[in-house]
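One-letter residues, chain by chain:
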Amino acid sequence: MGNILADNINRRSKRNKRFKGLIISGSIITVIPIFLIVINLIIKGVRQINLSFFTETSPDTFQAMTATANGEVIPGGIANGLVGSLIMVLLASALAIPTGLMTGVYLYENKKKRYASVIRSLTDVLQGVPSIILGIIAYIWIVKGVTRGYSALAGSIALAIMMLPIIVRSTEETLSMIPVQIREASFALGVPYYKMMIKVLIPCSFSGLATGILLSLSRILGETAPLMLTSLGSPGINLNIAKPSSAVPLLIWDFYNDPNMVSMVWSASLFLMIFVLSLNILSRSISKNRKYI
Amino acid sequence: MGGDRITKGLLFSSSLVLLLLSAGMIFTLASGAIPAFREFGGRFIFSSAWDPTPGKEQYGALAFIAGTMLTSLLALIICIPMAFSASLFVSEYYKGTRIASVLRSLVDLLAGVPSIVYGFWGFYTLRPLIMKTGLSDQGFGIFTASLILAIMIVPYATSLSSEIISMVSTEMKEAAYSLGATRREVIFNVVIPSAMSGIVASFILALGRALGETMAVTMLIGNANIIPKGLFSPGNTMASVIANQFGEADGLKMSALIAIGLILFAITALVNALGKVIIKRFA
Amino acid sequence: MKKVLILLVASLVLISCNNSGSSKTVKNKNVNLTAAGATFPLPFYNLAFKKYAEATGVSVNYGGIGSGGGIKSLRDKVVDFGATDAFLSDEELVSMSAPVVHVPTCIGGVVLAYNLPGVTGLKLTPEVIEGIFLGEITKWNDSKIAAINKGLTLPDMKITVVYRSDGSGTTYIFSDYMTKAGKSWAAKIGTGKSLNWPVGIAAKGNPGVAGTISQSAGTIGYIGYEFAVAQKIPAAYIANSSGNFIEPSLGSLTAAAATDIPADTRIMLTNSPNPQAYPITSFTWIILYREQAYDNHSLANAEAAVKAIKWLTGPDAQAIATSVNYAPLPQKAVEQASKALEEVTFNGTKVLR
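Note that this is a predicted model, so its numbers are computed, not measured.

**Observations concerning the overall build of chain A**
At step 1: Broken down by element type, chain A carries 13 helices and zero strands.
At step 2: Its helices and strands taken in sequence order, chain A reads α-α-α-α-α-α-α-α-α-α-α-α-α from the N to the C terminus.
At step 3: Rg of the C-alpha trace for chain A: 24 Å, well past the compact-globule value of 19 Å for 293 residues, more than 25% over.
At step 4: Here chain A holds 293 residues, and the buried ones make up 60% of them.
At step 5: Contacts in chain A between residues far apart in sequence, at least 24 positions, make up 76% of those at least 6 positions apart.
At step 6: With the model as given, the accessible surface of chain A reaches about 11500 Å², and the carbon-plus-sulfur share is 67%.
At step 7: Positive and negative charge centroids in chain A, built from 26 and 12 side chains respectively, lie 14 Å apart.

Quick look at the structure:
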């Protein structure tokens, strides 16, 4: 009897250790590509990054050609792309984050309803729509319909549609993990519905919500295809959302297609990555400073 | 309570936004796709012909449907063990430690790489690597595209999964431990079942991302408008052909591309519904 | 969180202020024009319009979304003018709601770039090119290639053809030439922006093809001339209609336009009869509506657009083109372009007075 028990425990403990080893090696394999990519970007792109990279607009092909011929750093920078991306991302977030959060809460509160599962399915489907199709849609609705021309507004709408499903689903799933007792305790105390949402649900799930929002931001910061059909691009800084605007991924595409500016591709990409990393670190530190979960 | 009703009404109307958006999109796509369906009828979905030569145009979506399904499913299969390991690492084994946040940030970084950069990196670095292994002549193909897709969708699967896993109630886990369970047993018997819904949701999210990915795939898949013959032969996906041909397309071709977009919409819906059926069976 | 937002807004303001002071930015004075179209002339247009803005204050926003995108944008009237590498066909002209004027702006060439270690100065004839792209000639040391390259040692290597995966004006120009100069090309492959290629691998964009060729030995493909120059990829000498093997250069590209150009400038310069001409050449055009008073289009925009396009065909802009490896328009084409622009009216009155 004692032997069987000991064997059992031995076997289970071996399995346990093996599994842990598997998990650790799997995690290492998962992060290897990011090292490869980052090292690649740094090697190819760090040369171009200096202060003017952030304050000057994109160079033209002649400047690039002469600079490369002389072995110098290409002048100019991505300022027009930076401002354009910032404006469009802010506008897209203003549209998508409140709508996404509220829809996520709605789905969480009405899990059993038929209507809710329809919305949920639609959200999942929306997630799979290729970004270029969203670009086509925004072109037809906004570029042709509203602004009668390429515009940053059209770009923001395409980006907002891309953000929506990620925020909705991660909100709903995160809220579902909150122990139902917390919610019920709040009701038992007579707290009005909206207060319960703002003061209880959202703080409890803050980390998960932030993850969803961050994921959606990371997604749209790097998208090119929809912006080509909506905001088109611009050589200068443009603050008018009814007019075309540049964006960092658009610049990356322009650099790629220009025979002389390929090295700018790597620096712009490196910048984008560092930006996303900083966003991540920022949101983690905010989550940590909160008092509960 | 009046206030409650207002709140509930507000929540409901935001869900309407999604409904109207999807309906609008389907309507716009359908109107654009009608000329193609009128010309080719139902044959469009099942034909793998693709001849854009003006004068004898023939379009059919089958080659792209096959390419999309193959690459996305393969990408998901490759992604699952990676995402699983990473989320368990972060939310179970090393939860709360420095190394866990480092790992999480590293994985999140993967999400921050623009898809176009994945395309470049794949083209300039991954492709030569695959050529070296001798498995493929030029490095283009279904496998290369699936590999890059897998890397791209890992952060989506991991992020959400680890959040969900970390929220599994400690009392349940401690109850299992107090019964003498090993860590692995707690994970398989307590953590995963209670987090199952969220985990599957994260994989569906990842799959959705894979189905619609354009730029990275288009640089690595070889853009052969045929049904792929093998794992390492070139092919094409629906998103990629739309991205490639949309700039120059017009008339019937444009309509064919929009029709493909509509089909992608439908396939994503189908795959998702299938996923839900699978959850119900396992839950 | 608030601090971050303040920081962001502050930097936004800082950057915009900094740039309105510097001469490098585009000034937002009076008119802002939007244009979209071909990617081939994108580097030239961006550079030219930048200089134009510095000189006149009129800024032109050009998006390289592809010739088809340019045509669509003009048809949808969401741009002031479009740009295309292939002139509008008769059907396309009908689909535009009003008559369209074509203005050529520069000349581009398509070269056959190759990667053969140790080999430069490769010569090709249309028959050989056809054989390669149809998969009939499969090895570099094939007798047909060797016969026209008597001074070169060709390796015993498999030929890998590289073509464009995306719809492209470059493909159109190349296939148009081969249809004219080849024997079975018209039947087996044809002319178009996107074709069914019997052999080879696909790559996206000029950079994709150029990159694939640079990375793999034994490859051959067609790319824009400016790419071959910028990335130092060897380009073959092609036998033109007079039988001379011509090296692609700015001079031989411009020579292709020394021929009769119709009044509406819609002509393909491929297979030019000029004995000094490089055979795979083409104009790139700007397209705009002949009658500029449509929808919400203003007279100010119309005037600015026509003036800008006229400047683009003028000596200053053409010198800019040459400086970045785009072949300038010959004198006759410049005259045709001016004549075409004079047709443009606003509510019946000519815009250019």
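**Notes on the overall build of chain B**
At step 1: If you tally the helices and strands in chain B, you get eleven helices and two strands.
At step 2: Helices and strands in chain B line up, N terminus first, as α-α-β-β-α-α-α-α-α-α-α-α-α.
At step 3: Across its three principal axes, chain B shows a C-alpha extent of roughly 75 × 65 × 30 Å.
At step 4: Distance between charge centres in chain B, computed from 19 positive and 14 negative side chains, equals 3 Å.

**So, helix α6 (residues 142-166) of chain B**
At step 1: For α6 of chain B, built from 25 residues, the straight-helix expectation of 36 Å at 1.5 Å per residue is met to within 8% by its first-to-last C-alpha distance of 35 Å.
At step 2: A bend of about 35 degrees at Ile 153 of chain B is the largest found in α6 of chain B, and the proline Pro 155 of chain B appears one to four places after it.

**Comments concerning the pattern of salt bridges**
At step 1: Applying the stated criterion across every chain, the model contains 20 salt bridges over all chains.
At step 2: Ionic pairing is found between Glu 136 of chain C and Lys 188 of chain C, a salt bridge with its closest N-O pair at 3.6 Å. With Glu 136 of chain C in the loop between α5 (126-133) and α6 (143-148) and Lys 188 of chain C in helix α8 (residues 185-188), this residue pair connects regions lying 52 residues apart in the sequence.
At step 3: Since its relative accessible area comes to 51%, Glu 136 of chain C is described here as exposed.
At step 4: The network of salt bridges with shared partners includes Arg 120, Asp 124, Arg 169, Glu 172 and Glu 173 of chain A.

**A look at the confidence of the model for chain A**
At step 1: Considering every residue of chain A, the mean pLDDT works out to 84; 97% of them sit at 70 or more.
At step 2: No element of chain A has a lower mean pLDDT than helix α3 (residues 61-69) of chain A, at 75, and none a higher one than helix α4 (residues 79-109) of chain A, at 91.

**Side note on the side chain of Thr 268 of chain B**
At step 1: Relative to the elements of secondary structure, Thr 268 of chain B occurs in helix α11 (residues 251-282).
At step 2: Sequence-distant contacts of Thr 268 of chain B, defined by excluding residues within four places in its chain, comprise Asp 124, Val 125 and Gly 128 of chain A together with Leu 211 of chain B.

**Focus on the interface of chain A and chain B**
Interface size is commonly expressed as the accessible surface area that is lost when the partners come together.
At step 1: Contacts between the two partners involve 84 residues from chain A, matched on the other side by 87 residues from chain B.
At step 2: Where chain A abuts chain B, roughly 7900 Å² becomes buried across the two surfaces, and 76% of that area is made up of carbon and sulfur atoms.
At step 3: Where chain A touches chain B, the interface holds one salt bridge.
At step 4: Here chain A and chain B share eleven residue pairs in polar contact (both at pLDDT 80 or more) between them.
At step 5: At 22 residues, the largest contribution of residues to the side of chain A that touches chain B is made by helix α1 (residues 2-45) of chain A.
At step 6: Among the residues forming the side of chain A that touches chain B, the class breakdown is 52 nonpolar, 22 polar and ten charged.

**Considerations on the packing of aromatic side chains**
Each aromatic ring pair is summarised here by two numbers: the centre-to-centre distance and the angle between the ring planes.
At step 1: Enumeration over the complete set of coordinates arrives at 41 aromatic pairs over all chains.
At step 2: Centre to centre, the rings of Phe 271 of chain A and Phe 275 of chain A are 6.1 Å apart; their planes meet at 25 degrees, and the pair counts as stacked. Note that Phe 271 of chain A and Phe 275 of chain A are positioned in helix α13 (residues 262-289) at a spacing of four residues, about one turn of the helix.
At step 3: Here the aromatic rings of Phe 37 of chain B and Phe 44 of chain B are separated by 5.5 Å at their centres, their planes lie at 75 degrees, and the arrangement is edge-to-face.
At step 4: We classify Phe 37 of chain B as partly exposed; its relative accessible area is 28%.

**A few points about the interface of chain A and chain C**
At step 1: Each partner contributes to the interface: chain A provides 39 residues, whereas chain C provides 41 residues.
At step 2: Note on chain A versus chain C: buried area summed over both sides is about 3400 Å², and carbon and sulfur give 65% of it.
At step 3: It is Arg 148, Leu 232 and Pro 259 of chain A that lose the most area in chain A upon contact with chain C, and together they represent 15% of the buried surface on that side.
At step 4: Counting every contact that joins chain A to chain C gives one salt bridge.
At step 5: The partner of Lys 144 of chain A in a salt bridge is Asp 76 of chain C, and the shortest N-O contact between them spans 3.6 Å.
At step 6: Our count for the chain A to chain C interface comes out at four residue pairs in polar contact (both at pLDDT 80 or more).

**Some remarks on the sheet that holds strand β8 (residues 219-224) of chain C**
Residue and element names in this part refer to chain C.
At step 1: With mixed pairing, eight strands are arranged side by side in an open sheet as β2-β1-β3-β11-β4-β8-β6-β7. Looking at strand neighbours, the two that pair on one side only are β2 (59-63) and β7 (201-203), the edges of this open sheet. Neighbour to neighbour, the strand axes of the sheet diverge by 25 degrees on average, direction disregarded.
At step 2: Pairing analysis gives five bridges linking strand β1 (residues 32-37) to β2, with the strands arranged parallel. Within β2, the position partnered with Leu 33 by the bridge is Val 60.

**Things to note about helix α12 (residues 299-313) of chain C**
Every α-helix carries 3.6 residues per turn, so stepping three or four residues along brings you back to the same face.
At step 1: Look at α12 of chain C: 22 Å from first C-alpha to last across 15 residues, which is about the 21 Å you get at 1.5 Å a residue.
At step 2: Burial in α12 of chain C covers these residues: Asn 301, Ala 302, Ala 304, Ala 305, Val 306, Ala 308, Ile 309, Leu 312 and Thr 313 of chain C.

**A look at the pairing of strand β4 (residues 100-114) of chain C**
Residues and elements named next belong to chain C.
At step 1: In terms of residue burial, β4 counts as a mostly covered element, since 15 of its 15 residues are buried.
At step 2: In this structure, β4 lies alongside strand β11 (residues 281-289), joined through nine bridges in antiparallel fashion. For Val 103, the partnering residue across the bridge sits in β11 and is Ile 286.

**A few points about the nonpolar core**
At step 1: Counting 189 residues, the largest nonpolar core has Ile 78 and Tyr 150 of chain A together with Phe 44, Tyr 118 and Ile 260 of chain B as the members making the most contacts within it.
At step 2: Here the element with the most residues in this core is α6 of chain B; it accounts for 14 residues.
At step 3: Here this core spans two domains, since at least three of its residues come from each of domain 1 (2-51) and domain 2 (62-282) of chain B.
At step 4: Once you skip the residues sitting within four places of it in the chain, Phe 44 of chain B turns out to touch Phe 37, Tyr 59, Gly 60, Ala 61, Leu 62, Ala 256, Ala 259, Ile 260 and Ile 263 of chain B.

**Describing the environment of Leu 221 of chain A**
Residue and element names in this part refer to chain A.
At step 1: If you trace the backbone, Leu 221 turns up in helix α10 (residues 206-221).
At step 2: In sequence terms Leu 221 and Leu 279 are 58 residues apart; their C-alpha atoms lie 11 Å from each other.
At step 3: When residues no more than four places from it in sequence are discounted, the contact partners of Leu 221 are Val 89, Pro 249, Leu 272, Phe 275, Val 276 and Leu 279.

**Describing the environment of Ile 65 of chain B**
All names here are of chain B.
At step 1: By secondary structure assignment, the location of Ile 65 is in helix α3 (residues 62-93).
At step 2: Assessed through its relative accessible area of 14%, Ile 65 is described here as buried.
At step 3: For the pair formed by Ile 65 and Met 238, sequence separation is 173 residues and the distance between their alpha carbons is 6.3 Å.
At step 4: Non-local contacts of Ile 65, meaning those with residues more than four positions away in its chain, are made with Ile 45, Met 238, Ile 263 and Ile 267.

**Looking at the packing of helix α12 (residues 248-257) of chain A against helix α5 (residues 115-132) of chain B**
At step 1: Look at α12 of chain A against α5 of chain B: their axes get within 10 Å of each other, and the N-to-C directions meet at 35 degrees. Counted together, Ile 252, Trp 253 and Tyr 256 of chain A of α12 of chain A and Ile 116, Phe 120 and Tyr 124 of chain B of α5 of chain B form the full contact between these two elements.

**Digging into the packing of α12 of chain C against helix α13 (residues 315-323) of chain C**
Residues and elements named next belong to chain C.
At step 1: Running from N to C, α12 and α13 cross one another at 55 degrees; their axes reach a closest spacing of 4 Å. Of the possible angle classes, the one that applies to α12 and α13 is oblique. Judged by residue contacts, Trp 311, Leu 312 and Thr 313 of α12 engage Pro 315, Asp 316, Ala 317, Gln 318 and Ile 320 from α13.
At step 2: By residue class, the composition of the contact of α12 with α13 is five nonpolar, two polar and one charged.

**Quick notes on the sheet that holds strand β5 (residues 123-124) of chain C**
Residue and element names in this part refer to chain C.
At step 1: In spatial order, the strands read β5-β9-β10; together these three strands make up an open sheet with mixed pairing. In this open sheet, the two strands that pair with only one neighbour each are β5 and β10 (245-246).
At step 2: Where β5 meets strand β9 (residues 237-239), two bridges bridge the pair, whose relative direction is parallel. Looking at β9, one finds that Leu 124 is bridged to Ile 238.

Conventions adopted
Residues numbered from 1 in each chain as written. Chains lettered and ligands numbered in written order. Predicted model: local features only at pLDDT ≥ 70, side-chain atom pairs only at ≥ 80, totals over all residues. Heavy atoms only, no water. Helix = DSSP H or I, 4+ residues; strand = E, 2+ residues; numbered from the N terminus. Rg over C-alpha atoms; globule rule 2.2 N^0.38 Å. Buried < 20%, exposed > 50% of the residue type's maximum accessible area, 1.4 Å probe, protein only. Contact = heavy atoms within 4.5 Å. Areas by Shrake-Rupley, 256 points an atom, 1.4 Å probe, with all protein chains shown as cover. Lys, Arg positive; Asp, Glu negative; His and termini not counted. Charge placed at Lys NZ, Arg CZ, Asp CG, Glu CD. Expected span 1.5 Å × (residues − 1). Bend = angle between axes of the 7 residues up to and from the residue. Salt bridge = Lys/Arg side-chain N within 4 Å of Asp/Glu carboxyl O. pLDDT = per-residue confidence, 0-100. Buried area = accessible area lost by both parts, 1.4 Å probe. Polar contact = N/O pair within 3.5 Å; in protein donor to acceptor, adjacent residues only side chain to side chain. Nonpolar A, V, L, I, M, F, W, Y, C, P; charged D, E, K, R; others polar. Phe/Tyr/Trp six-rings, centres within 6.5 Å; stacked < 30°, edge-to-face > 60°. Pairing = 2+ DSSP bridges. Axes fitted to C-alpha atoms, helices over the stretch in contact; angles between N-to-C directions. Core = buried A, V, L, I, M, F, W, Y, C linked by side-chain atoms within 4.5 Å. Domains from an automatic or database assignment. Parallel < 35°, antiparallel > 145°, perpendicular 65-115°, else oblique.

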